[in-house]
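Next come the chains, spelled out residue by residue.
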Amino acid sequence: MDYISTRFHIIPPEEWACDLLAAIATEEGYDGFEYTDTGMTGYIATALHSAEADQRIAEALQEAGVAVVCEAAPVPDANWNATWEAEGFPPIVIDDALIVVDERHQPAADVTGHYPLCISIRATQAFGTATHATTQMMLRALLRQRTNGVTVVDCGTGTGILAIAAAKRGARRVVAYDIDKWSVDSTTYNADHNDVVLDIRHGDIRVVADMDGTADIVLANINRNVLVGDMAAYAAMLKLSGVLLLSGFLADDVPTITASAQQAGLHITQQCENNGWMLLKAEKAGN
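Since the structure is predicted, the reported quantities are computational estimates derived from the model, not experimental observations.

1. A few points about helix H1 (residues 15–27)
Okay, step 1: For H1, built from 13 residues, the straight-helix expectation of 18 Å at 1.5 Å per residue is met to within 8% by its first-to-last C-alpha distance of 19 Å.
Okay, step 2: Three or more residues of H1 are buried, namely Ala17, Cys18, Asp19, Leu20, Leu21, Ala22, Ala23, Ile24 and Ala25.
Okay, step 3: Residue Gly29 follows H1 closely and has a positive phi angle near 110°.

As structure tokens, this is what we get:
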């Protein structure tokens, strides 16, 4: 599958503007990003790209007071993220309880052994390796949940990092799904590499219809539109008193996400922020 590489020149190229662009572009189908000196480069499958979509992204940023110039060009799928794969990412520590390392740039055992949990991820895309604020918040929130012996569903699993973390923390069953075949392959590889067993499925929310009423924890780090569209299904999967962890959206989206959760019979019990990105914890009322 071929990809389009779009250089988004942001004026001014401030960090908050880059994060806002990434959130908006994700909703238009972009699935990878790299920071540049003038803004960001986004990557999108050729079949999903359109000049109209790039124009909508630019107009949304303009409404926030930022000018954007877009330059799109085709690149082969095999090479679009070669630089990221070659350079990898440095170890990332979450609350001194978990270290996430790059499979091909893994530190010595005396470094990783300092932490109760270590997850090794093959660096094939920047999102899903714990380098992004939303992934870090989701991991931190997951570490604070009781996971031993529970059932977890990871929606839009990406590299499988959240599902792997749940399995390593003693979850009895972990179901992970993604609409992207690349993500399913990546999760399969990373699960094997980390010696955990996951129930990995390819497709959208419909592939976990059999999970209704079975999940203690549902994880969804996606984007606002998907979260809102699938909220009722997330709630249906939860047992009474079950927990839903949501991220992948910005502060302006919190009222929309909250209203959707409440409509699905959930109540928000926690809100976190990291570099403009948000996380909400919701619970399903129980006895």
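2. Points about the packing of helix H8 (residues 224–237) against helix H9 (residues 254–263)
Okay, step 1: Look at H8 against H9: their axes get within 9 Å of each other, and the N-to-C directions meet at 15°. Viewed along their axes, H8 and H9 adopt a mutual orientation that is roughly parallel. When the axes of H8 and H9 are compared, the crossing they make is left-handed. Contacts between H8 and H9 involve Arg224, Leu227, Val228 and Met231 from the former and Thr256, Ile257, Ser260 and Ala261 from the latter.

3. Description of the packing of aromatic side chains
Okay, step 1: All told, the structure shown has 1 aromatic pair when counted by the stated rule.
Okay, step 2: Aromatic side chains Phe8 and Tyr30 sit 5.5 Å apart centroid to centroid with 65° between the ring planes, which places their arrangement in the edge-to-face category. In this pair, Phe8 is assigned in strand S1 (residues 3–11) and Tyr30 in the loop between H1 and strand S2 (32–36), connecting sequence segments 22 residues apart. Each member of the pair, Phe8 as well as Tyr30, is classed as buried.
Okay, step 3: When the ring centre of Tyr189 is taken as reference, the NZ or CZ atom of Arg122 above it lies at 3.7 Å.

The rules we used
- Residues numbered from 1 in each chain as written.
- Predicted model: local features only at pLDDT ≥ 70, side-chain atom pairs only at ≥ 80, totals over all residues.
- Heavy atoms only, no water.
- Helix = DSSP H or I, 4+ residues; strand = E, 2+ residues; numbered from the N terminus.
- Expected span 1.5 Å × (residues − 1).
- Buried < 20%, exposed > 50% of the residue type's maximum accessible area, 1.4 Å probe, protein only.
- Axes fitted to C-alpha atoms, helices over the stretch in contact; angles between N-to-C directions.
- Parallel < 35°, antiparallel > 145°, perpendicular 65-115°, else oblique.
- Left-handed = near helix turned anticlockwise from the far one by under 90°.
- Contact = heavy atoms within 4.5 Å.
- Phe/Tyr/Trp six-rings, centres within 6.5 Å; stacked < 30°, edge-to-face > 60°.
- Lys NZ or Arg CZ within 6 Å of the ring centre and 35° of its normal.

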